[in-house]
Amino acid sequence: MSTPQKRKIMFREEVEMTLECAVKMRKHLVRILENRTDSKLEAQLRYVNSLIMEADSMQMLAAVA
């Protein structure tokens, strides 16, 4: 397997792991925020949502490449 192929596979795996972690974090934050209001946690949730959208976009780009 050539080096560019290895990099591509590693990139896809890294994006997938980031996406999985972000989704788990979002679920956790949503559960916490169901019971209370916390502006810091809400900001974290917005950040996690942006990570998920970015990782999703990267997955689409990796699939095309």
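Figured I'd write up the structure that's included with this text.

About the criteria used
Residues numbered from 1 in each chain as written. Predicted model: local features only at pLDDT ≥ 70, side-chain atom pairs only at ≥ 80, totals over all residues. Heavy atoms only, no water. Patch = residues over 30% accessible without salt bridge, like charges linked within 9 Å, V, L, I, M, F, W, Y side chains within 5 Å. Areas by Shrake-Rupley, 256 points an atom, 1.4 Å probe, with all protein chains shown as cover. Salt bridge = Lys/Arg side-chain N within 4 Å of Asp/Glu carboxyl O. Lys, Arg positive; Asp, Glu negative; His and termini not counted. Charge placed at Lys NZ, Arg CZ, Asp CG, Glu CD. Helix = DSSP H or I, 4+ residues; strand = E, 2+ residues; numbered from the N terminus. Core = buried A, V, L, I, M, F, W, Y, C linked by side-chain atoms within 4.5 Å. Buried < 20%, exposed > 50% of the residue type's maximum accessible area, 1.4 Å probe, protein only. Contact = heavy atoms within 4.5 Å. Axes fitted to C-alpha atoms, helices over the stretch in contact; angles between N-to-C directions. Parallel < 35°, antiparallel > 145°, perpendicular 65-115°, else oblique. Left-handed = near helix turned anticlockwise from the far one by under 90°. Nonpolar A, V, L, I, M, F, W, Y, C, P; charged D, E, K, R; others polar.

### Remarks on a positive patch on the surface
Taken together, the side chains of Lys24, Arg26, Lys27 and Arg31 define a basic patch exposed on the protein surface. Mapped onto the fold, Lys24 is located in helix 1 (residues 3–35).

### Observations concerning the nonpolar core
Counting residues in each nonpolar core, the largest one holds ten residues, listed as Val15, Leu19, Ala22, Leu29, Leu33, Leu41, Leu45, Val48, Ile52 and Ala55. For this core, the secondary-structure elements that each account for two or more residues are helix 1 and helix 2 (39–64). Those residues in contact with Ala22 that sit more than four places away from it in its chain are Val48 and Ile52.

### Focus: the packing of helix 1 against helix 2
Where helix 1 meets helix 2, the axes come as close as 9 Å, and the angle between the chain directions of the two elements is 155°. Judged by the angle between their axes, helix 1 and helix 2 are roughly antiparallel. The handedness of the crossing between helix 1 and helix 2 comes out as left-handed. Counted by class, the contact of helix 1 with helix 2 contains 18 nonpolar, three polar and six charged residues.

All quantities given are derived from atomic positions and should not be read as evidence of function.
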